[in-house]
Amino acid sequence: MRPGTVFGMLTLSPEVADALDRRAPVVALESTIITHGMPYPENLATARSVEDVVRANGAVPATIALLDGVARVGLDDAALERLASSKDAAKASRRDLPALSAAGRTAGTTVAATMYLAHLAGIEIFATGGIGGVHRGAERTFDISADLDELGSTPVTVVCAGAKSILDLPKTLEVLETRGVPVIGVGTDEFPAFFSRTSGQPVDHRVDSPDELAAVLAAHRRFRLRGGVLVANPIPVEDALDGSDIDARVAEAIADAEAAGVTRKEVTPYLLARVNDLTGGRSLVANIALVRNNAAFAARTAVALASLG
Ligand code: PSU
Ligand code: MN
């Protein structure tokens, strides 16, 4: 695929276009984590270092975002810097893409929107920190992230560290089961809880290496299952935080969100910012470590997949 425009609305960087042409390993990276998930300048340092980790593990990084209305796949450093320092970047989930694009806006793309754009570009694997899911209290609010429906319908593999306890993990796993999304633990039989390696929630399938995951993904392809695959890679032991301590801060953040009357797409960014504040630097350090860990595993899996042909 040549750099430039695909379907009128997608611009690939020359490096990503060339890698896809050669069928070389490529890893997609999302950008709501940059615009709404971490404060400046840590967001910029993280975006750069995650790209470095992908390269160091043998793949080409493709950070995806909406810049001046154009969906870009593969950002240069100036674009990363602009996105990270922007005060008015929007948050684009799949349904926001048309209106934001028509208005020429700049936006971070969520897991859902990034999966969709990655698939259009022909990228099969994507690394992030945490996915959106079923919020606590969803039986009252109906707050369920569009990330889960996207995983049910778009064939991209998402490597994450589980989900933050701002979400209801058992309900999130139930919805993933309903949507037919394979959930695969990396070196674990439990779904990890983002800052901590365990959640008490079992996963049905486990792999212990990138090669094993590549074999599962090749089989997923052969079965022509139409949706994505969720890979749950626990935070490294040395970076993990004490679960009960974080949970208390998260509960506080959720109470604040309810008191402030926050709803819909504002909920997750509000909670992420509040949890960052309430835990001080510690949660941010852990967050950065787990994203890098996921990027490494995704890149090594992309390399293994490419060698399967
Ligand atoms: N969870 C995190 N960090 C994040 C997000 C979620 O720990 O940055 C972002 C991701 O981009 C995810 C989005 O796709 O929030 C989900 O938003 P919502 O719940 O509104 O669908
Ligand atoms: Mn929501």
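Scroll up to find the structure this text is about.
Residues numbered from 1 in each chain as written. Chains lettered and ligands numbered in written order. Predicted model: local features only at pLDDT ≥ 70, side-chain atom pairs only at ≥ 80, totals over all residues. Heavy atoms only, no water.

Glancing now at empty space enclosed by the protein. Regions of empty space are outlined by a rolling probe, equal in size to a water molecule, passed over the atoms. Scanning the model with the defined rule gives one cavity of 30 Å³ or more in all. The volume enclosed by the largest cavity comes to roughly 130 Å³. Lining the largest cavity are 13 residues, and of these Glu30, Ile33, Ile34, Ala47 and Val50 sit closest to its centre. Elements that contribute at least two residues to the lining of the largest cavity include exactly α2 (32–37) and α3 (42–56). Top element by residues in the lining of the largest cavity is α3. It accounts for four residues. Among the residues making up the lining of the largest cavity, the classes are represented as eight nonpolar, four polar and one charged. (1 Å grid on protein atoms, 1.4 Å probe; cavity = no way out; pocket = protein on both sides within 12 Å on 5 of 7 lines; lining within 4 Å. Points joined across faces, edges and corners; volume = space filled by probe spheres on them. Helix = DSSP H or I, 4+ residues; strand = E, 2+ residues; numbered from the N terminus. Nonpolar A, V, L, I, M, F, W, Y, C, P; charged D, E, K, R; others polar.)

Turning our eyes to something else, we now look at helix α8 (residues 146–153). For an α-helix the count is 3.6 residues per turn, leaving residues at separations of three or four pointing the same way. If you check which residues of α8 are buried, you get Asp147, Leu148, Glu150, Leu151 and Gly152. For α8, the secondary structure elements touched by its buried residues are α6 (111–121), β9 (157–160), α9 (169–178) and β12 (229–232). One side-chain oxygen at the N-terminal end of α8 lies 3.0 Å from the backbone nitrogen of Asp147; it belongs to Ser145. (Buried < 20%, exposed > 50% of the residue type's maximum accessible area, 1.4 Å probe, protein only. Contact = heavy atoms within 4.5 Å. Polar contact = N/O pair within 3.5 Å; in protein donor to acceptor, adjacent residues only side chain to side chain.)

Take the site of ligand 1 next. Close to ligand 1 lie 16 residues; Glu30, Lys91, Ser145, Lys164 and Thr268 are nearest. Between ligand 1 and the protein, one listed contact pairs an oxygen atom with a side-chain N or O atom of Glu30 at 2.7 Å. In this structure, an oxygen atom belonging to ligand 1 sits 2.6 Å away from a side-chain N or O atom of Thr268. Surface burial for ligand 1 is 94%, taken as the share of its 480 Å² of free accessible area covered by protein chains. With respect to the detected pockets, ligand 1 is housed in the largest pocket. The set of elements that each furnish at least two residues to the shell around ligand 1 consists of α2 and α12 (267–279). Residue contributions to the shell around ligand 1 peak at three residues, all from α2. Within the shell around ligand 1, the residues separate by chemical class into four nonpolar, eight polar and four charged. (Near = heavy atom within 4 Å. Areas by Shrake-Rupley, 256 points an atom, 1.4 Å probe, with all protein chains shown as cover. Sits in = over half its atoms within 2 Å of the grid points.)

On to the pattern of salt bridges. Under the criterion given, the structure shown has 20 salt bridges. The closest approach of N and O atoms between Asp96 and Lys265, which form a salt bridge, is 3.5 Å. A residue pair is termed long-range when its members are at least 10 positions apart, and Asp96 in the loop between β6 (90–92) and α5 (97–102) and Lys265 in the loop between α11 (243–259) and α12 qualify at 169 residues. The salt bridge involving Asp189 is made with Arg206; its shortest N-O contact spans 3.0 Å. Pair noted here: Asp189 is in the loop between β10 (183–186) and β11 (205–207) and Arg206 is in strand β11, with a separation of 17 residues, a long-range link. For Arg206, a relative accessible area of 37% translates into the label partly exposed. (Salt bridge = Lys/Arg side-chain N within 4 Å of Asp/Glu carboxyl O.)

Below, the discussion takes up the packing of α3 against helix α4 (residues 77–85). Between two packed helices, what matters for the description is the angle formed by their axes and the separation of those axes. It is at 9 Å that the axes of α3 and α4 come closest, and there the two elements cross at 145°. Where α3 crosses over α4, the two elements pack in a sense that is right-handed. Together, Asn43, Leu44, Ala47, Arg48 and Glu51 of α3 and Asp77, Leu80, Glu81 and Ala84 of α4 make up the contact between the two elements. Residue composition of the contact of α3 with α4, grouped by class: four nonpolar, one polar and four charged. (Axes fitted to C-alpha atoms, helices over the stretch in contact; angles between N-to-C directions. Left-handed = near helix turned anticlockwise from the far one by under 90°.)

With that settled, consider the nonpolar core. Core analysis: the biggest nonpolar cluster contains 105 residues, and Val27, Val73, Ile123, Leu151, Phe191 and Leu230 have the highest contact counts within it. With twelve residues, the top contributor of residues to this core is helix α13 (residues 281–308). Residue contacts for Leu151: discarding those within four places in its chain leaves Met115, Ile131, Val158, Leu176, Val181, Gly227, Gly228, Val229 and Leu230. (Core = buried A, V, L, I, M, F, W, Y, C linked by side-chain atoms within 4.5 Å.)

So, on to the layout of surface pockets. By volume, the largest pocket amounts to about 1000 Å³. Lys91, His135, Asp143, Arg264 and Thr268 are the residues nearest the centre of the largest pocket, which is lined by 42 residues in total. Secondary-structure elements contributing two or more residues to the lining of the largest pocket are α2, α8, α11 and α12. For the lining of the largest pocket, the leading source of residues is α12, giving five residues. For the lining of the largest pocket, the per-class residue count stands at 16 nonpolar, 15 polar and eleven charged. In this structure, the second largest pocket is lined by 27 residues; those nearest its centre are Gly122, Ile123, Glu124, Arg221 and Leu305.

Another aspect to go through is the environment of Arg224. By secondary structure assignment, the location of Arg224 is in the loop between α10 (210–222) and β12. According to the relative accessible area criterion, Arg224 is exposed, its value standing at 73%. Along the backbone, Arg224 and Pro155 are 69 residues apart, and their C-alpha atoms lie at a distance of 9.3 Å.

The subject of this paragraph is unusual backbone geometry. The residue after Tyr40, namely Pro41, is reached through a cis peptide bond having omega 5°. By the secondary structure assignment, Pro41 is in the loop between α2 and α3. We note that Phe142 has phi near 65°; this positive angle belongs to a residue other than glycine. Structurally, Phe142 can be placed in the loop between α7 (138–141) and α8. Non-glycine residue Arg224 carries a positive phi angle of around 55°.

Keep in mind these numbers describe shape, not what the thing actually does.
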